[in-house]
Amino acid sequence: LEKIKACSLAIEAFSHAVRAEPLVRLTIVGDGPDAAFVKETAQRLGVFERIHWGGRVAKADIARLLREHDVFMFTSVRDTSGNVLLEGMAAGLPAIVLRQHGAAEIATDETALRIVPTGFHETAAALGEAMVKLARSPDLRSRLGNAGRARILDVYTWDRKGEQMDAIYQAAVRQG
């Protein structure tokens, strides 16, 4: 948990979602220098007890953990790539992301609810609305999740990346 991951933004969004959909739950995994602030934020907003605090998770447990959830939310504000988003999509989870940086390239409108970041509170409210929308729509979750998995297979596997690189090299050789 680091400031650039904007976990406090996820907590604020969750506090909005809980007011509209009391059965929604949030799991936060990881640990780090921002953990105390994130937990204080959850306490202040009255949602600490509604959050499952997973702490550090072994790499081998990530796939199981993803299978146990319905949605993947990625609130990082300065991630060039966001490989964990790739893992969530590969697991067939619909995503809620900020439409910026790597997440804007990885997730599409067909695979995720993409929120344009504005001010902190406005963005948190929009993320919370996205959580509620997905909580209330199993069909939307299924459609986004299936499209996300398909996108991973179409664009992000090593074989597909090799084909893409080969095409780039072939074009360079033809032009050279």
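Fair warning: this is a prediction, and the values are worked out from it, not measured in the lab. (Residues numbered from 1 in each chain as written. Predicted model: local features only at pLDDT ≥ 70, side-chain atom pairs only at ≥ 80, totals over all residues. Heavy atoms only, no water.)

Engineer: Even after reading the chapter, I still don't get the sheet that holds strand E4 (residues 95-98), so can you show me in this structure?
Structural biologist: Pairing in this open sheet of three strands is parallel, and the strands run E3-E4-E5 from one edge to the other. Sheet topology places strand E3 (72-74) and strand E5 (112-115) at the edges, where each strand pairs with a single neighbour. Averaged over all neighbouring strand pairs, the angle between strand axes comes to 15°, with direction disregarded. In the sheet, E4 pairs with E5 via four bridges, with the strands oriented parallel. Its bridge partner being in E5, Ile96 is matched across the sheet by Leu113. (Pairing = 2+ DSSP bridges. Helix = DSSP H or I, 4+ residues; strand = E, 2+ residues; numbered from the N terminus. Axes fitted to C-alpha atoms, helices over the stretch in contact; angles between N-to-C directions.)

Engineer: In this structure, what is going on with the environment of Val173? I would like to understand it.
Structural biologist: Along the chain, Val173 turns up in helix H8 (residues 158-175). On a C-alpha basis, the gap between Val173 and Ala42 in space is 56 Å, while along the polypeptide they are 131 residues apart.

Engineer: Looking at this model, I keep getting lost on the packing of helix H7 (residues 138-156) against H8. Mind explaining?
Structural biologist: Two numbers describe a pair of packed helices, the interaxial angle and the distance between the axes. One way to put it is that H7 packs onto H8 with a least axis distance of 6 Å and a crossing angle of 45°. One finds that H7 runs oblique with respect to H8. Where H7 abuts H8, its residues Leu153, Asp154, Val155 and Tyr156 lie against Trp158, Arg160, Lys161 and Gln164. A per-class count over the contact of H7 with H8 returns four nonpolar, one polar and three charged. (Parallel < 35°, antiparallel > 145°, perpendicular 65-115°, else oblique. Contact = heavy atoms within 4.5 Å. Nonpolar A, V, L, I, M, F, W, Y, C, P; charged D, E, K, R; others polar.)

Engineer: Explain the environment of Arg143 to me, please; I cannot follow it from the model alone.
Structural biologist: Looking at the element boundaries, Arg143 is found in helix H7. Assessed through its relative accessible area of 55%, Arg143 is described here as exposed. Along the primary structure Arg143 and Val38 are separated by 105 residues, whereas in three dimensions their C-alpha atoms are 32 Å apart. (Buried < 20%, exposed > 50% of the residue type's maximum accessible area, 1.4 Å probe, protein only.)

Engineer: Sorry, what's going on with the nonpolar core here?
Structural biologist: When a protein is soluble and globular, its nonpolar side chains tend to lie buried together. Core analysis: the largest hydrophobic core is formed by 31 residues, its most contacted members being Ile11, Phe14, Leu26, Ile28, Ile51, Leu127 and Met131. The set of elements that each furnish at least two residues to this core consists of helix H1 (7-20), strand E1 (26-29), helix H2 (35-44), E4, E5, helix H6 (120-135) and H7. With eight residues, H1 is the single largest residue contributor to this core. If we ignore the near neighbours within four places in the chain, the residues touching Ile11 are Leu26, Ile28, Val38, Thr41, Ala42, Leu45, Val47, Ile51 and Trp53. Listed in part, the 15 residues of the second largest apolar core include Ile62, Ala95, Val97 and Ile106. (Core = buried A, V, L, I, M, F, W, Y, C linked by side-chain atoms within 4.5 Å.)

Engineer: I would appreciate a short explanation of a nonpolar patch on the surface in the present structure.
Structural biologist: Side chains of Met165, Ile168 and Tyr169 sit close together on the surface and give an oily, nonpolar patch of about 320 Å² of accessible area. In this structure, Ile168 sits in helix H8. We classify Ile168 as exposed; its relative accessible area is 51%. (Patch = residues over 30% accessible without salt bridge, like charges linked within 9 Å, V, L, I, M, F, W, Y side chains within 5 Å. Areas by Shrake-Rupley, 256 points an atom, 1.4 Å probe, with all protein chains shown as cover. Salt bridge = Lys/Arg side-chain N within 4 Å of Asp/Glu carboxyl O.)

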